[in-house]
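# Understanding the architecture of this molecule
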Amino acid sequence: MKLEKYSGKKVRVVGTNGEVYVGTVDLYTQPNDNDGMEAIAIFDCGVWLDEEDIKSIQLA
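Thresholds, definitions, all that
- Residues numbered from 1 in each chain as written.
- Predicted model: local features only at pLDDT ≥ 70, side-chain atom pairs only at ≥ 80, totals over all residues.
- Heavy atoms only, no water.
- Pairing = 2+ DSSP bridges.
- Helix = DSSP H or I, 4+ residues; strand = E, 2+ residues; numbered from the N terminus.
- Axes fitted to C-alpha atoms, helices over the stretch in contact; angles between N-to-C directions.
- Buried < 20%, exposed > 50% of the residue type's maximum accessible area, 1.4 Å probe, protein only.
- Contact = heavy atoms within 4.5 Å.

### Concerning the sheet that holds strand 1 (residues 10–15)
Here 3 strands make up an open sheet; going across it, the order is 2-1-6 and the pairing antiparallel. In this open sheet, the two strands that pair with only one neighbour each are strand 2 (20–24) and strand 6 (54–59). Each strand axis lies, on average, 20° off the axis of its neighbour in the sheet, ignoring direction. Here strand 1 pairs with strand 2 via 5 bridges, running antiparallel. Bridging across to strand 2, Val-11 finds its partner in Gly-23.

Pasting the structure below:
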């Protein structure tokens, strides 16, 4: 999904559960550090999202 390009940027994420999160990506985790999946953390929203939890992501 190439989540690394969003590291440190403000994003709008729609989760696969329909929830919408808007905030800055504070942490990016590479696939080899997270069971083969990329992941991001948005501390503003208090969420950790693996790539399989993300329906769409865009810059906010």
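### Examining the sheet that holds strand 5 (residues 47–50)
Pairing is antiparallel across the open sheet formed by 3 strands, whose spatial order is 3-4-5. Here the strands that pair on one side only, and so sit at the sheet edges, are strand 3 (27–29) and strand 5. Pairs of neighbouring strands in the sheet enclose a mean axial angle of 15°, with direction left out of account. Relative to strand 4 (residues 39–42), strand 3 is paired through 3 bridges, and the arrangement is antiparallel. Note that in strand 4 the partner of Thr-29 across the bridge is Ala-39.

### Looking at the environment of Val-47
Relative to the assigned elements, Val-47 resides in strand 5. Residue Val-47 is classed as buried on the basis of its relative accessible area, which comes to 14%. Separated by 16 residues in the primary sequence, Val-47 and Pro-31 place their C-alpha atoms 18 Å from one another. Setting aside chain neighbours within four positions, we find Val-47 in contact with Tyr-21, Ile-40, Ala-41 and Ile-42.

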